[in-house]
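Understanding the architecture of this molecule
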Amino acid sequence: MVNAIKKICLDVAGFGFIFYSPFSTASIKHGEDYFETTFSDPVVIEKQATDGRIIGVSTGTSGRFFLEIFRGYPEQTTLEQHIFKLRLGVEVRDRTLCIRDLFDLLNWDAECPHEQMIDIDDGFYHLTLLSNEPESGVLGDNQVVQLYLQELSEMPRLKYSGVPTLC
């Protein structure tokens, strides 16, 4: 297996997490409840995800997730070894991709913790998420999620039926 370029431990209080580049959240005011006013609408979540702005990912549960980040696409054998699979797209500017708890949108603070930031080139990316049920059988119980970042020449055309769901 290829070595991860970064590992992130993410404690999720809500039912998932978000990916975004800070330019996508620049219009959200400090302390704003963006979740209740805007991001709780599945139509908005779907549009944000297809536009590559704020990408919400439903895990269906709270818990602790360990994200292992890799460059490129996963190998076919790696894909076959995982039950949960999700393909997303994102636009990155200012060399920064953030990963945060979905509930951070309830009381917004633009400051993304450094340990939850990935330094990557500006551009468009496919995000491939892979996971399995944890050994305990409880989703979110120290669950490992592999995240693969593949740079693209343009934003991919993606379709979702509501909220993108990993597990």
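Preceding this section is the structure that the text describes.
Predicted model, so just to flag it, every value in this text is computed and none were measured. (Residues numbered from 1 in each chain as written. Predicted model: local features only at pLDDT ≥ 70, side-chain atom pairs only at ≥ 80, totals over all residues. Heavy atoms only, no water.)

Here we come to the overall build of the chain. Each helix and strand in the chain was counted, giving three helices and nine strands. Listed by position from the N terminus, the elements making up the chain come as β-β-α-α-β-β-α-β-β-β-β-β. Relative to a compact globule of 167 residues, whose C-alpha radius of gyration would be 15 Å, the chain shows 15 Å and is just as compact. Counting across all 167 residues of the chain, residues that qualify as buried make up 48%. When contacts within the chain are restricted to residue pairs at least 6 apart in sequence, long-range pairs at least 24 apart make up 84% of them. With the model as given, the accessible surface of the chain reaches about 8400 Å², and the carbon-plus-sulfur share is 49%. (Helix = DSSP H or I, 4+ residues; strand = E, 2+ residues; numbered from the N terminus. Rg over C-alpha atoms; globule rule 2.2 N^0.38 Å. Buried < 20%, exposed > 50% of the residue type's maximum accessible area, 1.4 Å probe, protein only. Contact = heavy atoms within 4.5 Å. Areas by Shrake-Rupley, 256 points an atom, 1.4 Å probe, with all protein chains shown as cover.)

Now for the nonpolar core. One finds Phe-19, Leu-127 and Leu-129 to be the most contacted residues of the largest nonpolar core, which totals 30 residues. Contributing elements (two or more residues each) for this core: strand E1 (6-12), strand E2 (16-20), strand E3 (55-58), strand E4 (63-71), strand E5 (84-92), strand E6 (96-101), strand E8 (123-131) and strand E9 (143-152). The greatest single-element share of this core, amounting to five residues, is contributed by E5. With sequence-adjacent residues up to four places away left out, Leu-127 is seen in contact with Phe-19, Leu-86, Arg-87, Leu-88, Val-90, Leu-97, Leu-147, Tyr-148 and Leu-149. With 13 residues, the next largest nonpolar core counts Ile-28, Phe-39, Ile-45 and Cys-98 among its residues. (Core = buried A, V, L, I, M, F, W, Y, C linked by side-chain atoms within 4.5 Å.)

A complete count under the given rule lists seven salt bridges for this structure. Lys-47 serves as the salt-bridge partner of Asp-51, at 2.6 Å between the closest nitrogen and oxygen. Of this pair, Asp-51 and Lys-47 both sit in helix H2 (residues 42-51), four residues apart, which is roughly one turn of the helix. With a shortest N-O distance of 2.9 Å, Arg-100 and Asp-104 are connected by a salt bridge. Since its relative accessible area comes to 4%, Arg-100 is described here as buried. (Salt bridge = Lys/Arg side-chain N within 4 Å of Asp/Glu carboxyl O.)

Where strands meet in a sheet, backbone hydrogen bonds hold them as pairs that are either parallel or antiparallel. Judged by pairing direction, the sheet is mixed, and its five strands sit side by side in the order E1-E4-E9-E8-E5 without closing on themselves. Edge positions in the sheet fall to E1 and E5, since each of these pairs with one other strand and no more. Pairs of neighbouring strands in the sheet enclose a mean axial angle of 25°, with direction left out of account. (Pairing = 2+ DSSP bridges. Axes fitted to C-alpha atoms, helices over the stretch in contact; angles between N-to-C directions.)

Looking now at the packing of aromatic side chains. Evaluation of the coordinates by the stated rule reveals seven aromatic pairs. Residues Phe-35 and Phe-103 carry aromatic rings whose centres are separated by 5.7 Å and whose planes lie at 70° to one another, so their mutual orientation is edge-to-face. Residue Phe-35 is located in helix H1 (residues 34-39), and its partner Phe-103 is located in the loop between E6 and strand E7 (117-119); the two are separated by 68 residues in the primary sequence. By relative accessible area, Phe-103 is classed as partly exposed at 27%. Measuring from ring centre to ring centre gives 4.9 Å for Phe-70 and Tyr-148, while their planes differ by 20°; the resulting arrangement is stacked. Taken together, the residues Phe-70 in strand E4 and Tyr-148 in strand E9 connect sequence positions 78 residues apart. Counting every residue linked through ring pairs, the aromatic cluster contains Phe-15, Phe-35 and Phe-103. In this structure, Arg-93 is placed above the aromatic ring of Phe-23, and the distance from its NZ or CZ to the ring centre is 3.8 Å. Here Arg-100 stacks its cationic end above the ring of Trp-108, 4.4 Å away from the centre of that ring. (Phe/Tyr/Trp six-rings, centres within 6.5 Å; stacked < 30°, edge-to-face > 60°. Lys NZ or Arg CZ within 6 Å of the ring centre and 35° of its normal.)

For Pro-164, the position within the fold is in the segment after E9. Measuring from C-alpha to C-alpha, the distance between Pro-164 and Gly-16 comes to 10.0 Å, with 148 residues separating the pair along the chain.

With that settled, the discussion passes to the side chain of Thr-25. With respect to the helices and strands, the residue Thr-25 is situated in the loop between E2 and H1. The residues contacting Thr-25, other than those within four sequence positions of it, are Tyr-20, Ile-54 and Trp-108.

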